[in-house]
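Commentary on secondary and tertiary structure
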Amino acid sequence: MAASCTGCRSGLRWKAKAAWGAFGGAGTMEPCRKGAGRLRLAWPGLTRSRGSFTGDRKAVSVDLGSRKLEISSGKLARFADGCAVVQLGDTAVMVTAVSKTKPSPSQFMPLVVDYRQKAAAAGRIPTNYLRRELGSTDKEILTSRVIDRSIRPLFPAGYYYDTQILCNLLAVDGINDPEVLAINGASAALALSDIPWNGPIGAVRVGMIDGEVVINPTRKEMSSSTLDLVVTGAPRSQIVMLEAAAENVLQQDFCHAIKVGVKHAQQIILGIQQLVKEHSVAKRDVQKFFTAPEEIVECAKQIASEKITAVFSDFNHDKISRDEAINKLRLETEEQLKEKFPEAEPYEIMESFNVVSKEIFRNLVLNEYRRCDGRDLTSLRNISCEVDMFKTLHGSALFQRGQTQVLCTVTFDSLESSVKSDVITTVVSGIKEKNFMLHYEFPPYATNEIGRITGINRRELGHGALAEKALKPVIPQEFPFTIRVTAEVLESNGSSSMASACGGSLALMDAGVPISSAVAGVAVGLITRPNPEKNGDVEDYRLLTDLLGIEDYHGDMDFKMAGTNKGITALQADIKLPGIPLKIVMEAIQQATETVEVPLSKRARFVGPGGYNLKKLQAETGVTVSQIDEETFSVFAPTPAAMHEAREFITELCKDDQDYQLEFGAIYTATITELRDIGVMVKLYPNMTPVLLHNSQLDQRKIKHPSALGLEVGQEIQVKYFGRDPTDGRMRLSRKVLQSPATSVVKTLSDKNSIVMGSAIPESASSPS
């Protein structure tokens, strides 16, 4: 049964029974002013405006550069637990959040995020034969994953209640991207609901145009941006999620972009907090949080701690044998726990063992710097590569890193085989088709399992998209064919997406694609120890290079980064904590990066004639050296081994260039090492690089050659030190000024000042005595 006004044709129809109950039966039927004898619905506290109801609508605006982001709630979808509409320009996204009050049988957080693009939002009609939206597109799935990764870490531990986030695209202006609006909308909807959630969060897209950072760039600006970075931040400038594609962006520029993004995300967080304060919504009382009881955990520790430690300390185990040993201990421990706690639920027994196993694994890394396969924290697993695996293929490669193995193939086809974008993607990104794609496959046998082989799942799509981002910048712009790279994971024990990027790079070269540079990628993990005194703070942490599967499972972060010897091309950070400090993310990015502080006096030797030393360093080690300022150089290496080799090269290059601290105006004894037409080369101490003492500074008289003064190699002379030339750092010495009658005291030498790796140069030292 429904009621409507046939006079004004408003189109507002309410199920009378449901609507009456929702408002406590307070609704009334009133005459409509537009037609005699006709009726309309009237509800207390609600008025009609422009054909819709407006109730307790509240909104906040956040300044993001020259534009404003508006977040509102209270007008639409009020039966949902939470709803928010986020608008930037004329692009608007509505996000709803609903969570059941009864627990789910799942033993994990059953969160579903669906981002749906509507053709009507762009003023278009779908082009399929039904002329309506059908299944989810790749863009919708990838955006849903980004939203999921942004909000999932902030749900309370043990909250196993079915929760659904729906993102509905209301309007697209073709200028502003709706993806980050959906992330902020999900944050606002959850924060405004009674669903337990430790938010809010804020998200921005960061671009880089001509070296300048741009927040939430427009579609036109993105076309000329070398960086596409989405940053999701939590309160106190912490980071929850990162997703990026870049065109060989330098490490220092990347770090700067993240910092700027986090700063603007804090403004969005403050806006949502203000909106929550105005709505005054209390969080619901949860029936139960599914966590392991302390008494069962303590019992599990007494039973299994030593045995679990022995398994994780045995470096002879591989993935399969280690998993089998732990599973055997699990069954034994669970049987004993069931006998001691017969009334405990099955989940509590299983989770108690998981808690103990995870704690032991993490403590070995935190306290003893020990990884379960015997590597140190920054070492890579053994790598082997093969190309031209099958002659009939256009290109093929097999990449093996430890127990992760990926077979990549390359196929060429005509440009007509390129991927055609859907209507909304075309409107938002301006890209109608692409002639390079990477498809990632993860069959169940890769982890010694069985399963149904169905269509592509969200995980496979996300991993393939990341590897595609890593390789795309090196593909020639005007390549005359469509390129399809397939990456099939044959064995998996950590970081198969980065192995796909490495294998894809090899396969492209094998196929003869003139890529601009080889691409490599690695995953960095994180193990943290929380601060017991400050909730949410990290007391200690360890970063792990080249992540294993078990380290990902027991760790707090999976930080994947790919790039060339010129810079970063792709990055993805999956963080399990409700936020990590900015400094940890910076250190993860810099895991294969170092800075070299070079005083002006050493710069000429470090760089070499015409940059010869730097070119040689880069050619022999594969690192990239970039000058940050007059005395600081950034060294980026694709692997820790390359960085170690570069460090040895620099040390060898500069080992004989150790310099004592010299006092301005002091007199020193110099040894002549060489006679030249224009002067003599002298040393003030044995391991010093000889410097020129010009003829004009040798004597009060004008001479054409040092031999005119009877000077010889090996002879000691007195010289006065006048500091260094501010332009080239060369040492300024004079013998001529000592021929005046004034007397001076000859100084001796003390502390050294050298090129410093990874730390700042001492600004000054006490004068030698």
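As the structure is a prediction and not an experimental result, all values here were calculated from the model.

A tally of helices and strands in the protein chain yields 16 helices and 39 strands. The buried share among the 769 residues of the protein chain stands at 48%. Of the contacts made within the protein chain by residues no fewer than 6 positions apart, 68% connect residues no fewer than 24 positions apart. When the accessible area of the protein chain is evaluated, it comes to approximately 37100 Å², of which 51% is carbon and sulfur surface.

One open sheet holds the five strands; their spatial order is S17-S18-S19-S23-S22, and the pairing between them is mixed. The sheet is open, and its two edges are formed by strand S17 (383-387) and strand S22 (436-441), each paired on a single side. Within this sheet the neighbouring strands show an average axis-to-axis angle of 15°, counted without direction. In the packing of helix H11 (residues 496-510) onto the sheet, the strands contacted are S17, strand S18 (395-401), strand S19 (404-413), S22 and strand S23 (482-491), and the crossing angle to S18 comes to about 145°.

This next bit is on the sheet that holds strand S35 (residues 691-694). Strand order in this open sheet of five strands is S35-S34-S33-S36-S37, and the pairing throughout is antiparallel. In this open sheet, the two edge strands, each paired with only one partner strand, are S35 and strand S37 (731-734). On average, adjacent strands in this sheet sit at an angle of 55° to one another, irrespective of strand direction. Both strand S34 (residues 679-683) and S35 contribute to a ladder of four bridges, which runs antiparallel.

Looking now at the confidence of the model for the protein chain. Any segment with low pLDDT has predicted coordinates that should not be analysed in fine detail. When pLDDT is averaged along the protein chain, the result is 83; 82% of the residues meet or exceed 70. Segment residues 1-54 is flagged for pLDDT under 50; beyond a separation of four residues in sequence, or across chains, it makes 71 contacts in the model. This model gives residues 750-769 a pLDDT under 50, and the stretch forms 48 contacts once residues within four places in sequence are excluded.

Here the focus is the environment of Val-231. Among the structural elements, Val-231 can be located in strand S15 (residues 227-234). For Val-231, a relative accessible area of 0% corresponds to the buried category. Sequence spacing of Val-231 and Val-204 is 27 residues, and the spatial spacing of their C-alpha atoms is 5.6 Å. Setting aside residues no more than four positions away along its own chain, Val-231 makes contact with Gly-202, Ala-203, Val-204, Val-206, Met-241, Leu-242, Ile-258, Gly-261 and Val-262.

With that settled, the discussion passes to the pattern of salt bridges. Once their charged atoms are close, side chains differing in charge can pair, the charge on each being opposite to the other. One pass over the full model with this rule turns up 35 salt bridges. In this structure, Arg-205 and Asp-228 form a salt bridge, with 2.4 Å as the shortest nitrogen-oxygen distance. With a gap of 23 residues between them, Arg-205 in strand S13 (residues 202-209) and Asp-228 in strand S15 connect regions that are remote in the sequence. Overall, the relative accessible area of 26% leaves Asp-228 in the partly exposed class.

Here the focus is a nonpolar patch on the surface. Judged by side-chain polarity, Tyr-129, Leu-130 and Leu-134 come together as a nonpolar surface patch covering roughly 360 Å² of accessible area. One can find Leu-130 in the loop between strand S11 (111-116) and helix H2 (138-151).

Before going further, it helps to examine the side chain of Gln-405. Assignment of secondary structure puts Gln-405 in strand S19. Residue Gln-405 is classed as buried on the basis of its relative accessible area, which comes to 14%. There is a polar contact of 2.6 Å between the side chain of Gln-405 and the side chain of Gln-400. The contacts of Gln-405, once residues within four sequence positions are left out, are Leu-398, Phe-399, Gln-400, Glu-488, Val-489, Leu-490 and Glu-491.

The rules behind these values
Residues numbered from 1 in each chain as written. Predicted model: local features only at pLDDT ≥ 70, side-chain atom pairs only at ≥ 80, totals over all residues. Heavy atoms only, no water. Helix = DSSP H or I, 4+ residues; strand = E, 2+ residues; numbered from the N terminus. Buried < 20%, exposed > 50% of the residue type's maximum accessible area, 1.4 Å probe, protein only. Contact = heavy atoms within 4.5 Å. Areas by Shrake-Rupley, 256 points an atom, 1.4 Å probe, with all protein chains shown as cover. Pairing = 2+ DSSP bridges. Axes fitted to C-alpha atoms, helices over the stretch in contact; angles between N-to-C directions. pLDDT = per-residue confidence, 0-100. Salt bridge = Lys/Arg side-chain N within 4 Å of Asp/Glu carboxyl O. Patch = residues over 30% accessible without salt bridge, like charges linked within 9 Å, V, L, I, M, F, W, Y side chains within 5 Å. Polar contact = N/O pair within 3.5 Å; in protein donor to acceptor, adjacent residues only side chain to side chain.

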